[in-house]
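Residues per chain, in single letters:
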Amino acid sequence: NFLRFLYECMENETAVEIFTDVYNRPTHVGDLSAFIIDVIEKEITGVIHAVSEDYINRYELSKIFCDAHGYSHDLLIPVTQPVGGRQPKQLNLKPSKIFTKQIKFPLRKGIITCLEKL
């Protein structure tokens, strides 16, 4: 995943280009997994967007990651995605309230927890 990739680059002191124009809603796998189990057990139906309330670009997410773990921002090189790039630039599904009520890992806490497990 992206944070593992970033962690490896920071640990190896490898400069990495990070997109400033690719936005998404990073969601902690622990929150998502617990929610999926809850949906199955309660037999909840319908369209549910199980995504974070945080809408952030990859570069800003990388800076938060570095700040949370004491890495310098110097290895982060802000760039824009090339024309025809593989990642959608604005993946912005609004989170469903049923999911956001159960979030236990807000963005910063999720980033810290993620690295602890690496």
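Up top is the structure these notes are about.
Only a predicted model underlies this, so the values are computations on that prediction, with no experimental measurement involved.

Reading guide: rules and limits
- Sequence order as written defines residue numbering, which begins from 1 separately in each chain.
- Confidence filtering applies because this is a predicted model: local features only for residues at pLDDT of at least 70, side-chain atom pairs given and counted only at 80 or more, and all residues used for totals across whole chains, interfaces and linings.
- Water and hydrogen atoms were dropped before computing side-chain values, which therefore reflect all heavy atoms in the structure.
- We call a set of buried residues a nonpolar core when its members are Ala, Val, Leu, Ile, Met, Phe, Trp, Tyr or Cys and they connect through side-chain atoms within 4.5 Å of each other.
- Burial classes: relative accessible area under 20% of the type maximum marks a residue as buried, over 50% as exposed, and values in between as partly exposed (1.4 Å probe, protein chains only).
- Helix and strand definitions here come from DSSP, where helices need a minimum of 4 consecutive H or I residues and strands a minimum of 2 consecutive E residues; each element is numbered from the N-terminal end.
- By the convention used here, residues are in contact when the closest approach between their heavy atoms is within 4.5 Å.
- Taking the helix axis as origin, the arc is that swept by the directions to the C-beta atoms.
- Salt bridges, as used here, are contacts in which a Lys or Arg side-chain nitrogen is within 4 Å of a carboxyl oxygen on Asp or Glu.
- To define axes, lines are fitted to C-alpha atoms, for helices over the stretch in contact only, and angles between the resulting N-to-C directions are given on a 0 to 180 degree scale.
- For this classification, under 35 degrees means roughly parallel, over 145 means roughly antiparallel, 65 to 115 means roughly perpendicular, and everything else is oblique.
- It is the rotation of the near helix from the far one that decides the hand of a crossing: anticlockwise by less than a right angle makes it left-handed, clockwise makes it right-handed.
- For this classification, the nonpolar set comprises Ala, Val, Leu, Ile, Met, Phe, Trp, Tyr, Cys and Pro, the charged set comprises Asp, Glu, Lys and Arg, and every other residue, Gly included, is treated as polar.

**Things to note about the nonpolar core**
Piece 1. L6, M10, V16, I18, F65, L76 and I111 are the most contacted members of the largest nonpolar core, which totals 17 residues.
Piece 2. Elements supplying a minimum of two residues to this core: helix 1 (2-11), strand 1 (16-19), helix 3 (58-69) and helix 5 (107-117).
Piece 3. Every residue in contact with I18, bar those within four places of it in the chain, is listed here: F2, L6, R58, Y59, S62, L76, I77, P78 and V79.

**Side note on helix 1**
Piece 1. For helix 1, the set of buried residues is F2, L3, L6, C9 and M10. For helix 1, the angular spread of buried residues about the axis comes to 120°, placing them on one side.
Piece 2. The positive-phi residue at the C-terminal boundary of helix 1 is E13, with phi of around 55°.

**Details of the pattern of salt bridges**
Piece 1. By the definition in use, this model includes two salt bridges.
Piece 2. We note a salt bridge from K42 to D38, for which the minimum N-O separation is 3.3 Å. Of this pair, K42 and D38 are both found in helix 2 (residues 29-42), four residues apart, which corresponds to roughly one turn of the helix.
Piece 3. By relative accessible area, K42 is classed as exposed at 55%.
Piece 4. Taking relative accessible area as the criterion, D38 reaches 13% and is therefore assigned buried.
Piece 5. Notably, a salt bridge pairs K63 with E60, separated by 3.3 Å at the nearest N-O pair. Here E60 and K63 lie together in helix 3, a separation of three residues that amounts to about one turn.

**Some details on the packing of helix 1 against helix 3**
Piece 1. At a minimum axis separation of 11 Å, helix 1 and helix 3 run at an interaxial angle of 60°. It follows from the interaxial angle that helix 1 and helix 3 lie oblique. Handedness of the helix 1/helix 3 crossing: right-handed. On helix 3, the residues touching F2, L3, L6, Y7 and M10 of helix 1 are R58, L61, S62, F65 and C66.
Piece 2. The residue inventory of the contact of helix 1 with helix 3, partitioned by class, reads eight nonpolar, one polar and one charged.

**A short note on the side chain of H28**
Piece 1. Examined against the element boundaries, H28 turns out to sit in the loop between strand 2 (23-24) and helix 2.
Piece 2. Residue class for H28 comes out buried when judged on its relative accessible area of 15%.
Piece 3. Sequence-distant contacts of H28, defined by excluding residues within four places in its chain, comprise F105, G110 and T113.

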